[in-house]
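Here's the letter readout for the chains.
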Amino acid sequence: MKHTTLEVKHVVKQFNEDTVLNGLSFQLAQGEILSIVGPSGSGKTTLLRILAGLEKPTAGTISMNGREITNQKANRRDISLVFQQPLLFPHMTVEENIVYGAKVSKKYKKEKTDKQIAAIGMDRYRNHFPSQISGGQQQRTALARAMATEPEIILFDEPFSSLDPNLRQELRYWVRDFLVKQGTTAIFVTHDLEEAMIMGDQIALFQEGDFQQIGKARAIHESPANRKVASFIGGHL
Ligand code: ADP
């Protein structure tokens, strides 16, 4: 049995009068990849920000490897967050940005970084600065940098939404393959059901502040937990 890496219990998040997360609970086993799919504006980003320590929950607890981290600062958590928009150091080249990530993990090896640069198709651009490459290339570099830090958990917030469809396809497989090879636990947020199915071992359907159902895509499709799930799945398949 793989041990539980992440345990989220009864997490509530309110902004003024609005309840965005309504007592959400779930667990992730070591190496598991969970896709969270749901409509935009439903609170998916808020959940990731809370897990990464960038936002405090109104109530509830978060534990990693059996230790509560609810009040631990973001930089003390071994969790990386890949944002929708790429965040790169503007004064560093593509290669330097990725090397920076690798050095954070204290596992820097030039050959490994070279492989990562090749895998994202950025060989020709390794000495370019972020301002000299396209948005898609910046996002690929940001992904490689987050992966290079080799955190215990990686959270992805719609990381492919700014990429063109071909590149999106390619990177889905590259990211999933990388996570599986490394045995990294991950959460992948998207509003695209097809992407959720490709990326996740399991899918969580998020609506109205809570998971309506967690399971394999096929099982959810065959027996949706309620009408909301059925209409969401039905509308997308
Ligand atoms: P999603 O990622 O599913 O699109 P978000 O987590 O970004 O959804 O947003 C969920 C809701 O929480 C939205 O109604 C948004 O306006 C609100 N929200 C998010 N962050 C804040 C904040 N810092 N202050 C007030 N409201 C917020």
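Fair warning: this is a prediction, and the values are worked out from it, not measured in the lab.

A. Spatial organisation of the nonpolar core. Among the nonpolar cores identified, the biggest contains 53 residues, and Val82, Leu143, Leu155, Ala186 and Ile187 are the most heavily contacted of them. At six residues, the largest contribution of residues to this core is made by helix α4 (residues 135-148). Among residues more than four places away in sequence, those in contact with leucine 143 are Val82, Ile120, Pro159, Leu171 and Val175.

B. Structural view of the site of the ligand. Near the ligand, the surroundings consist of Phe15, Val20, Ser40, Gly41, Ser42, Gly43, Lys44, Thr45 and Thr46. Here the shell around the ligand takes three residues from helix α1 (residues 44-52), the largest share from any one element.

C. Spatial organisation of the pairing of strand β3 (residues 33-37). Counting buried residues along β3, five of its five residues qualify, which places the element largely inside the surrounding structure. Judged by which residues are buried, β3 turns out to be covered on both faces: Ile33, Ser35 and Val37 on one side and Leu34 and Ile36 on the other are all buried. Note that β3 and strand β8 (residues 185-190) share five bridges and pair parallel. By the bridge assignment, isoleucine 33 is partnered in β8 with alanine 186. Relative to strand β9 (residues 202-207), β3 runs parallel, the two sharing four bridges. By the bridge assignment, leucine 34 is partnered in β9 with glutamine 202.

D. Inspection of the packing of α4 against helix α5 (residues 165-182) at higher detail. The geometry of α4 relative to α5 is characterised by a closest axis approach of 12 Å and an angle of 5° between their N-to-C directions. Between α4 and α5, the interaxial angle falls into the category roughly parallel. Counted together, Gly136, Arg140, Leu143 and Met147 of α4 and Leu167, Leu171, Val175 and Phe178 of α5 form the full contact between these two elements. The residue inventory of the contact of α4 with α5, partitioned by class, reads six nonpolar, one polar and one charged.

E. Just the packing of helix α2 (residues 94-104) against α4, in detail. One way to put it is that α2 packs onto α4 with a least axis distance of 7 Å and a crossing angle of 25°. On the basis of their axis angle, the class for α2 and α4 is roughly parallel. You can see that α2 and α4 cross each other, and the crossing is right-handed. Of the residues in α4, those touching α2 at Val94, Asn97, Ile98, Tyr100, Gly101 and Ala102 are Thr141, Ala144, Arg145, Ala146 and Ala148. Its residues assigned to classes, the contact of α2 with α4 shows seven nonpolar, three polar and one charged.

F. Main features of the sheet that holds strand β7 (residues 153-157). Pairing within the open sheet is mixed, and its six strands lie in the order β6-β7-β8-β3-β9-β10. The two strands at the open ends of the sheet, each matched to only one other strand, are β6 (79-82) and β10 (210-215). Mean inter-strand twist for the sheet, computed between neighbouring axes without regard to direction, equals 20°. Direction of pairing for β6 relative to β7: parallel, over a ladder of four bridges. When the sheet's bridge partners are listed, serine 80 is paired in β7 with isoleucine 154. Here α1 sits on the sheet and contacts β3, β6, β7, β8 and β9; the angle it forms with β7, its principal contact strand, is near 155°.

G. View of the confidence of the model for the protein chain. Summarising the model, the protein chain shows a mean pLDDT of 90, and 98% of its residues fall at 70 or more. Put simply, helix α8 (residues 227-236) is where the protein chain has its lowest mean pLDDT, 78, and strand β4 (residues 59-64) is where it has its highest, 97. Overall fold confidence for the complex sits at a pTM of 0.90, while the interface term, ipTM, reaches 0.97.

H. Looking closely at the environment of serine 161. Within the secondary structure layout, serine 161 lies in the loop between β7 and α5. With 30 residues separating them in the primary sequence, serine 161 and histidine 191 have C-alpha atoms 9.6 Å apart.

I. Main features of unusual backbone geometry. Backbone geometry at histidine 10 places phi at a positive 50°, although glycine is not the residue there. Within the fold, histidine 10 resides in strand β1 (residues 4-15). Accessibility expressed as a C-beta count within 10 Å gives 13 for histidine 10, which makes it partly exposed. Residues other than glycine seldom take positive phi values, yet glutamate 150 does so here, at roughly 45°. Mapped onto the elements of the fold, glutamate 150 is located in the loop between α4 and β7. When the 18 C-beta atoms within 10 Å are taken as the criterion, glutamate 150 is described as partly exposed.

Definitions and limits used
Residues numbered from 1 in each chain as written. Predicted model: local features only at pLDDT ≥ 70, side-chain atom pairs only at ≥ 80, totals over all residues. Core = buried A, V, L, I, M, F, W, Y, C linked by C-beta atoms within 7 Å. Buried ≥ 20, exposed ≤ 12 C-beta atoms within 10 Å, placed from the backbone. Helix = DSSP H or I, 4+ residues; strand = E, 2+ residues; numbered from the N terminus. Contact = placed C-beta atoms within 7 Å. Near = placed C-beta within 6 Å. Pairing = 2+ DSSP bridges. Axes fitted to C-alpha atoms, helices over the stretch in contact; angles between N-to-C directions. Parallel < 35°, antiparallel > 145°, perpendicular 65-115°, else oblique. Nonpolar A, V, L, I, M, F, W, Y, C, P; charged D, E, K, R; others polar. Left-handed = near helix turned anticlockwise from the far one by under 90°. pLDDT = per-residue confidence, 0-100.

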